[in-house]
Amino acid sequence: MLNKDGNDVAFPQMGLIILAYLKARGLSSYPRADISTLLWGDADTGQAYANLRKSASRILSRQNSIGLQFLSFSPSMVILGKDAIETDIDCLSIDSTMIDRAFTVTLAARLREDFLKDVKPASKALAAWIDREREAHLSVLRRCVLATGLTGDDAENRPIKDAAVKLLERDPSDDAVRNLLSGSMYQKAVAAVKTVQEPVKSVLVIPEAAGPEIRTGLPRLVLLPPLSDGAGPDVSLFASALIEDVTIGLCSLRSLSVIAPYSAAKIRDHGDKAATYERYAISYILDTRLTYEGDGYSLFAQLIFFGSDEVVWAERFELNGSGLVKSRREIAHRLAEAISRQIYSNEMIRSDYEQDPGVYRSFLRGQSYLMNLGLPEVRRARKHFREALQLNPVFAPAQSGMSRSYFLEWLVTARNDKSLLSMAQGFAQDAIVSDPHLPTGYKELGVAKLYMRQFDESAEFFATAETLSPHYANLIASFGDALIQASRPQEGLEKVEHAIHLNPIAPDEYFWTAAGACYSLGRYEDALNYIGRMNDRAPADRLSAASWGMLGDGRKASQFVRKTFDVHPAFDLETWMALVPFKEEWQRQHYKEGLIKAGF
């Protein structure tokens, strides 16, 4: 609720829902019994009445404190108060003579957000009413958008285009709205990818997920607008407008369901993105970033398949400051074509993900737990992967997840339990048999082989995985680690640097791996610089100590020795060196030399 100055005013949520209900239905009063049934109809009648009495008390108390009366309560009725209140839905009762461009722009702005979007209904009746209202609002919006039409690609038309995208997101089968958007500057790009217009295998829509009803089994794409990364307003606005243009262009395709730009911006800023992607049944994410290259900014874009957290395509686009409008159109066409082609080809080998909702849901839950490296989380992830395999014993992504969970348990427990690596190897092999096109099976088998000290086989499996998915940053970083442990540190460092290029806001593991390669190459200061880029540097304390030891700075080295013993009081140098999987002895002795010089 906003006051006349546009500032937020706190008001009880139930009061706002009652106000919305009365205003939307054009009522001045409504029976208390019916209001209590609407709000808490799933509870028993006595409890619903009690809930309404408590809410009425809070509403009246708040009205007294702000000196306004929006609602009053008699023994039998809930009544609109004497003080007027305006709502965004007041403009929805229209006739054809009212529809013009200004009205449509205003309506589009008011309906950018879903009606009562933050309300979690406590009753089926309230949920059903909210859904009916949203459908009615979109019906009015559709009528106005189609009546007004698009007259160009300028700022004046932007709100109408955004509204059209929102309508198409809700109903991808709406040809009238699609045709409206198809008349835009993207016709060339759409023609270039007309092969993608063919029906494709759909990615699963999870029917139980909370959120808006999704009416299509098409793969669902969100294009996240780029963060500015210190770029000036011209570059930032250009990049954001570019992504909006591509989003609108892709709406012309029948093979995709695309999230509207306004919703995409909200998703970008959401803390738990993985949960949000699952909630809205998003299959693909286009992640974009502005990066400064020394002589100007470029836009880095990577297309991620959420089902396996796999980067299926990545490219960097130079932003030409001298001709932004021209480059905007060219880049928009290239992006739209590349995204469409990649999703089309990727969908041809993703049939596993549409077989059974329960399988996919269990897999996603397991994936979410693997984002943490604690032993309880790793074991919870395995539980969900096992549930998926009980429903579909040859579901390759879950088999890869099982392999990963056993390796991570081996790593976290640090007991050198070879049975865990054996289990990791077995499930990775099963994943390859189930789906030889899935890179994660080869990746996990490469990891297991590495720590079994089968270095050449490990590199071969990683090479196969990279061939299948050449832009998968996590895979390439793991490949780099395998090459480093195989006593090929220069090749490994090049792989990790490529992974950082693909994933500029890289996880700590990338920098830690690159630091290890630099140490093996005798570049101790570079190793320390990579460690300095880690958010949590504690895991690399031993490597920091060894690097300072080789640089001859005993004081700094001793600091990291103390930190290591603070975290691992039972640390033993010989035991640790036995666990480090270097292929050639020179690399092991080099690392051991640094640790001894540091004071271990």
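Note that the coordinates shown come from a computational prediction; the quantities given were computed from them, not determined experimentally.

(A) Summary view of the overall build of the protein. Across its full length, the protein carries 26 helices and eight strands. Out of the 600 residues in the protein, the part that is buried amounts to 52%. Total accessible area on the protein is roughly 27,100 Å²; 51% of this is exposed by carbon and sulfur atoms.

(B) Region of interest: the nonpolar core. The biggest cluster of nonpolar side chains holds 94 residues, and the ones touching the most others in it are Val222 and Tyr591. Top contributing element to this core by residue count: helix α19 (residues 473–485), with eight residues. Not counting residues up to four positions away in its chain, the partners in contact with Val222 are Ile259, Ala264, Ile267, Tyr277, Ile282, Tyr284, Ile285 and Leu286.

(C) Seen up close, the packing of aromatic side chains. Following the criterion strictly, the structure yields 16 aromatic pairs and no others. Taking 5.3 Å as the distance between ring centres and 70° as the angle between the ring planes, the aromatic pair formed by Tyr21 and Tyr30 counts as edge-to-face. One exposure class covers both Tyr21 and Tyr30, and it is buried. Seen in terms of ring centroids, Trp410 and Tyr451 are 5.2 Å apart; in terms of plane orientation they differ by 55°. Their pairing is tilted. One end of the pair, Trp410, is in helix α15 (residues 396–413); the other, Tyr451, is in helix α17 (residues 439–451), with 41 residues separating them in the sequence. Ring pairs connect the aromatic residues Tyr21, Tyr30, Phe115 and Trp129, which therefore count as one cluster.

(D) Representation of the packing of helix α1 (residues 13–25) against helix α5 (residues 124–148). The interhelical angle for the contact between α1 and α5, taken along N-to-C directions, is 50°, at an axis separation of 12 Å. In terms of axis orientation, α1 runs oblique to α5. As for how α1 packs across α5, the hand of that crossing is left-handed. Seen from α1, the contacting residues are Ile17, Ala20, Tyr21 and Ala24; seen from α5, they are Leu126, Trp129 and Glu133. Of the residues assigned to the contact of α1 with α5, the class counts are six nonpolar, no polar and one charged.

(E) Summary view of the sheet that holds strand β1 (residues 29–31). Judged by pairing direction, the sheet is antiparallel, and its three strands sit side by side in the order β1-β3-β2 without closing on themselves. Strand pairing shows two members of the sheet lacking a second neighbour, β1 and β2 (71–73), which therefore form its edges. The mean angle between the axes of side-by-side strands here comes to 20°, regardless of whether they run parallel or antiparallel. Pairing of β2 with strand β3 (residues 77–80) involves three bridges; the strand directions are antiparallel. When the sheet's bridge partners are listed, Leu71 is paired in β3 with Leu80. Contacting β1, β2 and β3, helix α2 (residues 32–40) runs over the sheet at an angle of about 80° to β1.

(F) Spatial organisation of the side chain of Ser547. In this fold, Ser547 is placed in helix α23 (residues 541–550). Overall, Ser547 belongs to the buried group, its relative accessible area being 0%.

(G) Structural detail: empty space enclosed by the protein. Under the definition given, this model contains four cavities of 30 Å³ or more. In this structure, the largest cavity occupies an estimated 60 Å³ of space. Every residue lining the largest cavity is listed: Leu111, Glu113, Asp114, Phe115, Arg134, His137, Leu138 and Lys166. Its residues assigned to classes, the lining of the largest cavity comprises three nonpolar, one polar and four charged.

(H) Quick peek at α2. Among all positions of α2, only Arg32, Ile35, Ser36, Leu38, Leu39 and Trp40 are buried. The buried residues of α2 occupy an angular sector of 160° when projected down its axis, which confines them to one face. In this structure, the buried residues of α2 make contact with α1, β1, α3 (45–66), β2, β3 and α5.

(I) Structural context of α1. Here α1 is 13 residues long and its end C-alpha atoms lie 18 Å apart, about the 18 Å a rise of 1.5 Å per residue gives. Of the residues making up α1, those classed as buried are Met14, Gly15, Ile17, Ile18, Leu19, Ala20, Tyr21 and Leu22. Looking at the packing, one finds that the buried side of α1 touches β1, α2, α3, β2, β3 and α5. Note on α1: the residue one or two positions beyond its end, Gly26, has a positive phi of about 70°.

(J) The arrangement of the confidence of the model for the protein in detail. Summary statistics for the protein give a mean pLDDT of 79 and a share of 81% for residues scoring 70 or more. The spread of mean pLDDT over the elements of the protein runs between helix α8 (residues 187–192), the lowest at 40, and helix α22 (residues 524–532), the highest at 93. Across residues 184–216, confidence stays below pLDDT 50; counting only partners more than four residues off in sequence or on other chains, it has 91 contacts.

(K) Representation of the environment of Phe582 in the model. Counting through the fold element by element, Phe582 comes out in the loop between α25 (573–579) and α26 (585–598). With a relative accessible area of 10%, Phe582 lands in the buried category. Considering only alpha carbons, one finds Phe582 and Ala482, 100 residues apart in sequence, at a separation of 9.5 Å. In this structure Phe582 touches Arg453, Phe455, Ile484, Gln485, Gln587, Arg588 and Tyr591, once residues within four positions along its chain are discounted.

(L) Spatial organisation of the pattern of salt bridges. Per the stated rule, a full pass over the model turns up 16 salt bridges. Asp83 is paired through a salt bridge with Lys82; the nearest N and O atoms lie 3.6 Å apart. Residue class for Lys82 comes out exposed when judged on its relative accessible area of 67%. Here Lys449 makes a salt bridge to Glu457, at a shortest N to O gap of 3.4 Å. It is possible to trace a salt-bridge network through shared partners that takes in Arg379, Arg382 and Glu409.

(M) Structural view of the packing of helix α4 (residues 101–110) against helix α6 (residues 158–170). The N-to-C vectors of α4 and α6 enclose an angle of 55°; their axes lie 9 Å apart at closest approach. Classified by the interaxial angle, the pair formed by α4 and α6 is oblique. Relative to α6, α4 is oriented so that their crossing is left-handed. Facing Arg101, Thr104, Val105 and Ala108 of α4, the residues of α6 in contact are Pro159, Ile160 and Ala163. Classifying every residue of the contact of α4 with α6 by side-chain character gives five nonpolar, one polar and one charged.

(N) Geometry of the environment of Phe70. Relative to the helices and strands, Phe70 is located in the loop between α3 and β2. When the C-alpha atoms of Phe70 and Ile59 are compared, they prove to be 9.2 Å apart, with eleven residues separating the residues in sequence.

(O) Looking closely at the pairing of strand β4 (residues 220–223). Along β4, one buried face is formed by Arg220 and Val222 and the opposite face, lined by Leu221 and Leu223, is buried too. With two bridges connecting them, β4 and strand β5 (residues 257–258) associate as parallel partners. Of the residues in β5, the one forming a bridge with Leu221 is Val258.

Rules used throughout
- Each chain carries its own residue numbering, running from 1 in the written order of its sequence.
- For a predicted model such as this one, the threshold for reporting local features is a pLDDT of at least 70, and the threshold for listing and counting side-chain atom pairs is 80 or more; totals across whole chains, interfaces and linings nevertheless cover every residue.
- With hydrogens and water stripped out, all remaining heavy atoms of the structure feed into the side-chain values.
- Counting from the N terminus, the helices are the DSSP runs of H or I reaching at least four residues and the strands are the DSSP runs of E reaching at least two.
- Relative accessible area decides the class of each residue, using a 1.4 Å probe on protein chains only: under 20% of the type maximum gives buried, over 50% gives exposed, and in between gives partly exposed.
- The Shrake-Rupley method, run with a 1.4 Å probe, gives the accessible areas here. Residue values count only the displayed protein chains as cover.
- By convention a nonpolar core is built from buried Ala, Val, Leu, Ile, Met, Phe, Trp, Tyr and Cys residues, the set being connected through side-chain atoms within 4.5 Å.
- By definition in these notes, contact holds between two residues if any of their heavy atoms fall within 4.5 Å.
- Stacked, edge-to-face and tilted are the three classes for Phe, Tyr and Trp ring pairs, Trp counted by its six-membered ring, which pair at centre distances within 6.5 Å; planes under 30 degrees apart are stacked, over 60 edge-to-face, the rest tilted.
- Axis definition: a line fitted to C-alpha atoms, limited for helices to the stretch in contact. Angles are taken between N-to-C directions and run from 0 to 180 degrees.
- Between 65 and 115 degrees an angle is taken as roughly perpendicular, under 35 as roughly parallel, over 145 as roughly antiparallel, and anywhere else as oblique.
- Crossing handedness is read from the near helix: turned anticlockwise from the far helix by less than a right angle, it gives a left-handed crossing, and turned clockwise, a right-handed one.
- Asp, Glu, Lys and Arg are counted as charged, while Ala, Val, Leu, Ile, Met, Phe, Trp, Tyr, Cys and Pro are counted as nonpolar; the rest, among them Gly, fall into the polar class.
- Any two strands with at least two DSSP bridges between them are considered paired.
- Using a 1 Å grid laid over the protein atoms alone, points where a 1.4 Å probe fits but cannot get out form a cavity; open sets with protein on both sides within 12 Å along at least 5 of 7 lines form a pocket; any residue with an atom within 4 Å of a point counts as lining.
- Grid points are joined across faces, edges and corners, and a volume is the space filled by probe spheres set on the points.
- It is the directions from the helix axis to the C-beta atoms whose arc is reported.
- Helices are assigned an expected span. That span is 1.5 Å times one less than the residue count.
- One confidence number per residue, pLDDT, is output by the predictor and ranges from 0 to 100.
- Take a side-chain nitrogen of Lys or Arg and a carboxyl oxygen of Asp or Glu: if they are within 4 Å of each other, that pair is a salt bridge.

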